[in-house]
Amino acid sequence: MKKTITIGSDHAGYALKVKVIGHLKNDLGWDVIDVGTHDESSCDYPDFADAVCKNIQNGTTELGILICGTGIGMSMAANKHRGIRAAACSDVFSARLTRAHNNANILCFGERVVGYGVACDLVDAFLATEFEGGKHQRRVEKMMALEKTEF
Ligand code: RB5
């Protein structure tokens, strides 16, 4: 069965997003829902973080990718959403461990930080890794319980 992922970017991540979509479709065989932006006109990253998060919250896809200049604004905006665990990564070890230990459901990175090759490696590691559960399950549950008191 084909797997589907939601992806979004702002203008600063648009060019890399186009290439990453190609990698997802052509090299990894994933279907991709692209929620925008669709060109390099200046726009606001929280709008696209929100669109990707909505697709995860409503069950359209389990996982998402967000790309901006640094990956940081996208991760901050995404983590304002209930049920979202977004990680800004620029190294493969973090991209793997944020799935294995944090059960991250959105990978964020920055076009001004990583090139296409590293971006593909981040995506590959993120998608190939399963959550380990066990003691990490308890920690993720504690983290998500903070939504009840802090949001
Ligand atoms: C846009 O200039 C830039 O601020 C944005 O893409 C992102 O890097 C913010 O975190």
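Residues numbered from 1 in each chain as written. Predicted model: local features only at pLDDT ≥ 70, side-chain atom pairs only at ≥ 80, totals over all residues. Heavy atoms only, no water.

**Quick notes on the overall build of the protein chain**
Inference 1: What the protein chain contains, in helices and strands, is 6 helices and 5 strands.
Inference 2: Mapped from its N terminus to its C terminus, the protein chain presents α and β elements in the order β-α-β-α-β-α-β-α-β-α-α.
Inference 3: In terms of C-alpha radius of gyration, the protein chain reaches 14 Å, essentially the compact-globule figure of 15 Å for 151 residues.
Inference 4: Burial analysis of the protein chain (151 residues in total) assigns 48% to the buried set.
Inference 5: Roughly 7600 Å² of accessible area belongs to the protein chain as shown, and the carbon and sulfur atoms make up 51% of that amount.
Inference 6: Here the protein chain carries 17 positive and 19 negative side-chain charges, and the mean point of each set is 8 Å from the other. (Helix = DSSP H or I, 4+ residues; strand = E, 2+ residues; numbered from the N terminus. Rg over C-alpha atoms; globule rule 2.2 N^0.38 Å. Buried < 20%, exposed > 50% of the residue type's maximum accessible area, 1.4 Å probe, protein only. Areas by Shrake-Rupley, 256 points an atom, 1.4 Å probe, with all protein chains shown as cover. Lys, Arg positive; Asp, Glu negative; His and termini not counted. Charge placed at Lys NZ, Arg CZ, Asp CG, Glu CD.)

**A closer look at the side chain of N105**
Inference 1: Counting through the fold element by element, N105 comes out in the loop between helix 4 (92–100) and strand 5 (106–110).
Inference 2: The exposure class of N105 is buried, given its relative accessible area of 7%.
Inference 3: Polar contacts involving the side chain of N105 include one to the main-chain carbonyl oxygen of G83, which spans 2.9 Å.
Inference 4: Those residues in contact with N105 that lie beyond four places of it in its chain are I56, E62, L63, G64, G83, I84, R85, A86 and F126. (Polar contact = N/O pair within 3.5 Å; in protein donor to acceptor, adjacent residues only side chain to side chain. Contact = heavy atoms within 4.5 Å.)

**Some points on the site of the ligand**
Inference 1: Around the ligand lies a shell formed by D10, H11, A12, Y45, C68, G69, T70, G73 and R112.
Inference 2: Between the ligand and the protein, one listed contact pairs an oxygen atom with a side-chain N or O atom of D10 at 2.6 Å.
Inference 3: Between G73 and the ligand, the recorded distance is 2.9 Å, taken from a backbone N or O atom to an oxygen atom.
Inference 4: Contact with the protein chains removes 71% of the 290 Å² of surface that the ligand exposes when unbound.
Inference 5: Class assignment for the residues of the shell around the ligand results in 3 nonpolar, 4 polar and 2 charged. (Near = heavy atom within 4 Å. Nonpolar A, V, L, I, M, F, W, Y, C, P; charged D, E, K, R; others polar.)

**Regarding the packing of aromatic side chains**
Inference 1: For the coordinates displayed, the defined rule picks out 0 aromatic pairs.
Inference 2: Residue placement shows R99 over the ring face of F126; its charged tip is 5.7 Å from the ring centre. (Phe/Tyr/Trp six-rings, centres within 6.5 Å; stacked < 30°, edge-to-face > 60°. Lys NZ or Arg CZ within 6 Å of the ring centre and 35° of its normal.)

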